[in-house]
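# Residue-level structure breakdown
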Amino acid sequence: MNKYFLLIACLQLWSLITPVNPASTWGPLIFIFAVSATKEAWDDYNRYISDKQANEKNVWVVKKGIKTRIQAQDIRVGDIVWLRENDEVPCDLVLLGTSESQGVCFLETAALDGETDLKTRVIPPPCAGLTPDLLHKIKGVIECPCPDKDIRRFDANLRLFPPFIDNDLCPLTIKNTLLQSCYLRNTEWACGVAVYTGNETKLGMTRGLPEPKLTAVDAMIDKLTGAIFLFQLVVVVILGVAGNVWKSSEARKKWYVQYPKEGPWYDFIVIPLRFELLCSIMIPISIKVSLDLVKSLYAKFIDWDLHMYDEKSDTPAHAANTGINEDLGQVEYILTDKTGTLTENMMVFRRCCINGVCYGNESGDALKDSDLARAIANKVPEVVKFLTVMAICNTVVPIKSASGSISYKSQSQDEDALVNAASCLHMVLTSKTGNFLDMNFNGLVLRYEILDTLEFTSDRKCMSVVVRDCQNGRIMLLSKGADEAIFPCISSEQQVRPVVEAVEHFAQLGLRTLCLAWRDLKEDEYRDWSIMYKEASSSLIDREWKVAEVCQQLEHNLELLGATAIEDRLQDGVPETIETLRKAGINFWMLTGDKQNTAIQIALLCNFISPEPEGQLLLIQGKNLDEVSRSLERVLLTMRISSTEHKDVAFIVDGWTLEIILKHHYEAFTDLAMLSRTAICCRVTPSQKAQLVELLKACDYRTLAIGDGGNDVRMIQEAHIGVGISGREGLQAARAADFSIGKFRFLKRLILVHGRYSYNRTAFLSQYSFYKSLLICFIQIFFSFVSGVSGTSLFNSFSLMAYNVFYTSVPVLMSVLDKDLSERTVMQHPQILFYCQAGRLLNPSTFAGWFGRSLFHAAVVFLVTIHAYSNEKSEMEELSMVALSGCIWLQAFVITLETNSFTILQHAAIWGNLIAFYVINFIVSTIPWAGMYTIMFRVCKQPAYWLTMLLLMQAIIILGMGPITALKYFRYTYRSSAINILQQLERSQPNTHSNPNLEAPIKNMEREVSPLSVTHPKSSKASVYEPLLCESPSTKRAAGVAAFDFLQASPSRLSIIYSRSKNN
């Protein structure tokens, strides 16, 4: 659009064709560019100041064995950087030494990933025991990959030169790094070698502006702008041809028109180009600035909303993306994470199953189970092994205070719950020093050496540690993970059915389950495997895949010890929020990494689904491609049949099955997605979450993704709208999102109040911007028919420049305060969101209404002005001022008619704008070079002007506003929509919370917007648009209706996994 206006401005520099002073276009264009440039310059300046402060910080480095103090911007790759406690890390470092004897340091990474818990970083084994003096002299080589922005991965190798070590190769991971912008905490000093500096650090690689998101409203405005441009070209061609014909046939006959007998070769394009410049104001030059301004205000309304402030965590709502607020009002699908999003992410150890015996079933708390306490006191071997795995198989760091009490720092809430539970059960993790850890079990001190850690990944879904018992020298593999990852690795000789049944029972209670396993390793077996593991860990290419492959060679023939069950409670208000948003026609998909039964129970608790017979839950499953294909086909057929029975159906699928479906049956799954209002996808990876969002976007649905952790970032960024919850997993999701909130329940207000108001206001503002530009343009076109179709402008340059930028902008900007219904009413009747989802306020039909209104109003203003001054001896400038005054008065009446709720600011803007119009024109009329010298003084002295204004106001009220007002009154009184009835209720009974008369209109509204069903998939619907002010039963979009209640018993995924592992 900017290129279009720049082209028009350049054409106006051609004096032969421009009908007005070029300042009429250049002025607003320069103003708009200046506003945008000033905003960008201010942002750039703030970034410059921030970068300058960071770059000029003084740091200690070692260069050629000499310790010197330099500025951070002078650090080079290979320099050894020394940090003290609370120092900010100036670049990406590989840790070489710390003040702690165990070779660890603690890092605050909140500025990098938003996670508030301190992270533990360890020095590479070759650097263990090096003194500060030796660290000054250390030499070696680090092989590292090209810079990337993955803050959770660093695949590199370290090779120290003799005499420090015998040139041995040591793999490096992210745990051996200190990344830029992190802070050193609880550690006296640390040093590391710089590997990435400047913009090549991981933080520097993640910087940059995110890809802009195009809202549905912006897309519609672009289409309408294109339509206006085509209409403009048609008008230009017609008037250009007519002008040339009149010029050739009539103009040369007029003695007062001094056209030369022969013009230049390009004479035939002069008049069409004049009309192009004259009609260029059809596309309002101020619309972009106006929309950007009001959208920024919408974002501030979200930031200022105290109803979305979470006092417990001191977290306000925040709109990071100010350009997509109106899309909140058109959301059709919400894809949500479970843990930390629907739940509190506060893990509490509740139950466990050890060697087939369940504990905590009676009391609901295994920590208070007397049988378990007796087993621990008797040192039952299976129980001791179980507690040992709970205490050792983790990444928890014990912290001993001055008083001697022990607390734990963990990056996982599950691990924290398990280690604290083990501590309560007398298996206390007391310390970790380097590769050694100490535990206290009933007064007995146990010491273990950690040989290797097989880390958890979203693909492996388990973690293991290889440890050596320092008491007897035994080597053991301790594993914990999801049941689907552990069960296939269990020895075929072991009976696992009791544990399988226990896991199913725990999952049905909505508890999170983890399975624990154990295996003794022979020295030779471990030695051979360790060589392969070290080789895989040292690979710079596909390291993660190679490590996972080697881990599989060790994780087999395990002894299943049992399972743990951890409770993660629902957040307050989650069921009510989901139920309300369902009534608003919004569909929900749950995407979680938890197991199937746990996901189902949480879905039941939070109103995703309800028990049978109200609904039905279909399971998509299979062990291979053929079985998955048949299962998908059956579910798809059932979904289609159920639609004819008016029974809602949902489906559930796991990540393993989903991978097959997305690869081989993408189109069939797309059909299923369009038919289903609810889906539960369990055991899915972050990449699969993003794929599902992409699939729904491809179906032309407006999607919203909400999550709280780093594994939700890809899903959040892929969706049309990303919402992050500032939870216990940190701020990584909140920082990557367009909006951030403290709790899930605030999503209801974010969508129903802020989303709906933003859509309504933006729809009005955008169409009104076109209306006021078309109004002045049509008057220009009408004037051309009485001026020889010559392309002469009725209005002077200043009036055209000020019309869009000043005279008509302020009143319409006050629409940001307009509310058709109160917030309380909107929250109580969420069904009215259907109108926003259906695009009822901004579509080609409503725009056609505004287009017709501008044409009709232009005709009224022009005809009244021309006829009133037909017998007056006046200059054209005086006539133009009369017409312009009529336009300004008309704008005041239109804004007044379209405003639903008035405030002092709105009254001041509407009527103060009229006063400002006269004041500005009186001032400009005193300036000789403004082109309006004394015009306003002469006009206002004429009785004809005030008589014409009186006649114009009567014509505006009777002819201009009369039909619209009558139509509004008829619809409001005799064909009331649900919104109209709610408005009547608010005005007649402001304190009433409900009205029985609303039931029928709301049901009619639900029928109007065609519920999402098999017979009406969105992709096959014809787009039907309503006319201006119409609330007839037509719609653009599909939306769901009644609350979703169903569930049918389905085979357990656990039994499938168990049978699969046995078959193998």
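From a predicted model like this one, the values you see are computed outputs, not experimental measurements. (Residues numbered from 1 in each chain as written. Predicted model: local features only at pLDDT ≥ 70, side-chain atom pairs only at ≥ 80, totals over all residues. Heavy atoms only, no water.)

## Some thoughts on the overall build of the chain
Keep this limit in mind: Helix numbering and strand numbering both begin at the N terminus, where a helix is a DSSP run of H or I of at least 4 residues and a strand a DSSP run of E of at least 2. The buried label applies to any residue whose accessible area, calculated with a 1.4 Å probe on protein chains only, is under 20% of its type's maximum; exposed applies above 50%, and partly exposed to all values in between. In what follows, residue pairs with any heavy atoms lying within 4.5 Å of each other are defined as contacts. Here the open area of atoms and residues is found with the Shrake-Rupley method and a 1.4 Å probe, where only the protein chains shown may cover a residue.
Helix and strand counts for the chain come out as 37 helices and 32 strands. Of all 1064 residues assigned to the chain, the portion counted as buried reaches 55%. Counting only contacts in the chain whose residues sit at least 6 apart along the sequence, the fraction spanning at least 24 positions is 73%. Surface summary for the chain: the accessible area is close to 45,600 Å², and the carbon and sulfur share equals 56%.

## Details of the pattern of salt bridges
Any two side chains of opposite charge can pair, given that their charged atoms come close. Basically, it comes down to this: A pair is scored as a salt bridge if a Lys or Arg side-chain nitrogen falls within 4 Å of a carboxyl oxygen belonging to Asp or Glu.
The tally for this structure, following the rule as stated, stands at 42 salt bridges. Where arginine 543 meets aspartate 155, a salt bridge forms, and the shortest distance between an N and an O atom there is 3.7 Å. With arginine 543 in helix 15 (residues 543–552) and aspartate 155 in the loop between strand 7 (140–143) and strand 8 (156–160), this residue pair connects regions lying 388 residues apart in the sequence. Look at arginine 543 and you get buried, because its relative accessible area is 4%. The closest approach of N and O atoms between arginine 683 and glutamate 484, which form a salt bridge, is 3.9 Å. Taken together, the residues arginine 683 in the loop between strand 29 (678–682) and helix 21 (686–698) and glutamate 484 in helix 12 (residues 483–486) connect sequence positions 199 residues apart. Using a relative accessible area of 9% as the deciding quantity, one classes arginine 683 as buried.

## Describing the packing of aromatic side chains
Heads up, the condition is: Ring geometry is summarised as follows: Phe, Tyr and Trp rings, the Trp one being its six-membered ring, pair when their centres sit within 6.5 Å, and such pairs are stacked at plane angles under 30 degrees, edge-to-face over 60 and tilted between the two. As a reminder, the over-ring test applies to NZ of lysine and CZ of arginine, requiring each to be within 6 Å of the ring centre and within 35 degrees of the ring normal.
With the rule as written, the count across this model stands at 24 aromatic pairs. On the basis of an interplanar angle of 15° and a centroid distance of 4.8 Å, the ring pair of tryptophan 529 and tyrosine 533 is categorised as stacked. In this pair, tryptophan 529 and tyrosine 533 both sit in helix 14 (residues 523–537), four residues apart, roughly one turn of the helix. Of the two residues, tryptophan 529 and tyrosine 533, neither departs from the other in class, the shared state being buried. Judged by centre distance (5.4 Å) and plane angle (90°), the ring pair of phenylalanine 770 and phenylalanine 847 falls under edge-to-face. With phenylalanine 770 in helix 24 (residues 746–784) and phenylalanine 847 in helix 29 (residues 844–868), this pair connects stretches of sequence that are 77 residues apart. A network of ring pairs unites the aromatic residues Tyr333, Trp589, Phe651, Phe669 and Tyr701 as a single cluster. The side chain of lysine 67 reaches across the aromatic face of tryptophan 60, ending 5.8 Å from its centre. Arginine 582 extends its terminal NZ or CZ atom over the ring of phenylalanine 608, reaching a point 5.9 Å from the ring centre.

## With respect to the sheet that holds strand 11 (residues 183–185)
The line we're drawing: Any two strands between which DSSP finds at least two bridges are classified as paired. Between the N-to-C directions of two axes lies an angle of 0 to 180 degrees, each axis being a line fitted to C-alpha atoms and, for a helix, fitted only over the stretch in contact.
Read across the sheet, three strands follow the order 6-5-11 without closing on themselves; strand pairing throughout is antiparallel. Each of the sheet's edge strands pairs with one partner strand only, and the pair in question is strand 6 (119–122) and strand 11. Each adjacent strand pair in this sheet contributes to an overall mean axis angle of 45°, direction not counted. Bridge count between strand 5 (residues 104–108) and strand 11: three bridges; the pairing is antiparallel. Bridge assignment links phenylalanine 106 to a residue of strand 11, and that residue is arginine 185.

## Some details on the environment of glutamate 559
The cut-off we apply is this: Polar contacts, as counted here, are pairs of nitrogen or oxygen atoms within 3.5 Å of one another; within protein the pair requires one atom able to donate a hydrogen and one able to accept it, and residues that are adjacent in sequence qualify only if both atoms are side-chain atoms.
The topology assignment puts glutamate 559 in strand 25 (residues 559–567). By relative accessible area, which is 30% here, glutamate 559 ends up partly exposed. Expressed as a C-alpha distance, the spacing of glutamate 559 and serine 479, which sit 80 residues apart in the sequence, is 9.7 Å. Not counting residues within four places of it along the chain, the set of residues in contact with glutamate 559 comprises Lys385, Gln494, Leu516, Ala517 and Trp518. Here lysine 385 takes part through its side chain, which lies 3.4 Å from a polar atom of the side chain of glutamate 559.

## Concerning a nonpolar patch on the surface
Applied cut-off: Surface patches are defined over residues having more than 30% relative accessible area and no salt bridge, joining like charges when they lie within 9 Å and nonpolar side chains (Val, Leu, Ile, Met, Phe, Trp, Tyr) when within 5 Å.
The grouping of Phe856, Ile957, Ile958 and Leu959 at the surface amounts to a nonpolar patch, some 380 Å² of accessible area in total. The leading source of residues in the nonpolar patch is helix 33 (residues 943–960), at three residues.

## Quick notes on the state of the cysteines
The criterion, for reference: A pair of cysteine sulfur atoms is labelled a disulfide when the two atoms are within 2.5 Å.
What the rule picks out here adds up to zero disulfides. Left unpaired, cysteine 515 is separated from the closest cysteine sulfur, that of cysteine 353, by 9.1 Å. According to the relative accessible area criterion, cysteine 515 is buried, its value standing at 0%. Free of any disulfide, cysteine 681 has its nearest cysteine sulfur in cysteine 682, 7.7 Å distant.

## Digging into the sheet that holds strand 8
Reading across the sheet, the three strands line up as 7-8-9 and stay open at both edges, with antiparallel pairing between neighbours. Each edge of the sheet is formed by a strand with only one pairing partner; in this case those strands are strand 7 and strand 9 (169–172). Across this sheet, the average inter-strand angle for adjacent strands is 20°, counted without regard to direction. As judged from the four bridges shared by strand 7 and strand 8, these two strands associate in the antiparallel manner. Residue glycine 140 lies in a different strand from strand 8, and its bridge partner there is leucine 160.

## Let's talk about the side chain of glutamate 332
Relative to the helices and strands, glutamate 332 is located in the loop between strand 13 (318–319) and strand 14 (333–336). Taking the relative accessible area as the measure of exposure, glutamate 332 reaches 2% and is therefore buried. Among the polar contacts listed, one links the side chain of glutamate 332 to the backbone nitrogen of arginine 702, at a separation of 2.9 Å.

## Observations concerning the nonpolar core
Basically, it comes down to this: Think of a nonpolar core as a cluster: buried Ala, Val, Leu, Ile, Met, Phe, Trp, Tyr and Cys residues, connected wherever their side-chain atoms sit within 4.5 Å.
If you look at the biggest cluster of nonpolar residues, it comprises 137 residues, and the most contacted ones within it are Ile334, Leu704 and Leu747. Residue contacts for leucine 747: discarding those within four places in its chain leaves Ile334, Leu581, Leu704, Ile706, Val723 and Ile741. Of all hydrophobic cores here, the second largest spans 44 residues; its members include Ile354, Val384, Ala417 and Met427.

## Description of helix 8 (residues 287–304)
Note the following rule: Take the residue count of a helix, subtract one, and multiply by 1.5 Å to get its expected span.
The first and last C-alpha atoms of helix 8 sit 26 Å apart over 18 residues, in line with the 26 Å expected at 1.5 Å per residue. What helix 8 keeps buried is the set Ile287, Ser290, Leu291, Val294, Lys295, Tyr298, Ala299 and Ile302. Structurally, helix 8 contributes buried residues whose contacts are with helix 6 (216–249), strand 13, strand 32 (739–741), helix 24 and helix 26 (809–813).

## Side note on the pairing of strand 15 (residues 348–354)
When you tally the buried positions in strand 15, you get six out of seven residues, the bulk of the element. Summarising the sheet, strand 15 and strand 25 pair through six bridges and their orientation is antiparallel. Along strand 25, the bridge assignment pairs cysteine 352 with threonine 564. In this sheet, strand 16 (residues 357–359) lies alongside strand 15 in antiparallel orientation, the contact comprising three bridges. Across the sheet, the residue bridging to cysteine 353 is cysteine 358, located in strand 16. Counted between consecutive antiparallel strands, the loop separating strand 15 from strand 16 contains two residues, among which asparagine 355 sits at a positive phi close to 55°.

## A closer look at the pairing of strand 25
The element strand 25 is extensively covered by neighbouring structure, given that seven of its nine residues are classed as buried. Here seven bridges tie strand 24 (residues 512–521) to strand 25, and the two strands are oriented antiparallel to one another. Paired with threonine 513 across the strands is alanine 565, a residue of strand 25.

## Re unusual backbone geometry
Here the phi dihedral of asparagine 86 falls at roughly 75°; this positive angle occurs in a residue that is not glycine. With respect to the element layout, asparagine 86 can be found in the loop between strand 3 (80–84) and strand 4 (92–98). Here arginine 683, not a glycine, exhibits a phi torsion of approximately 55°, which is positive.

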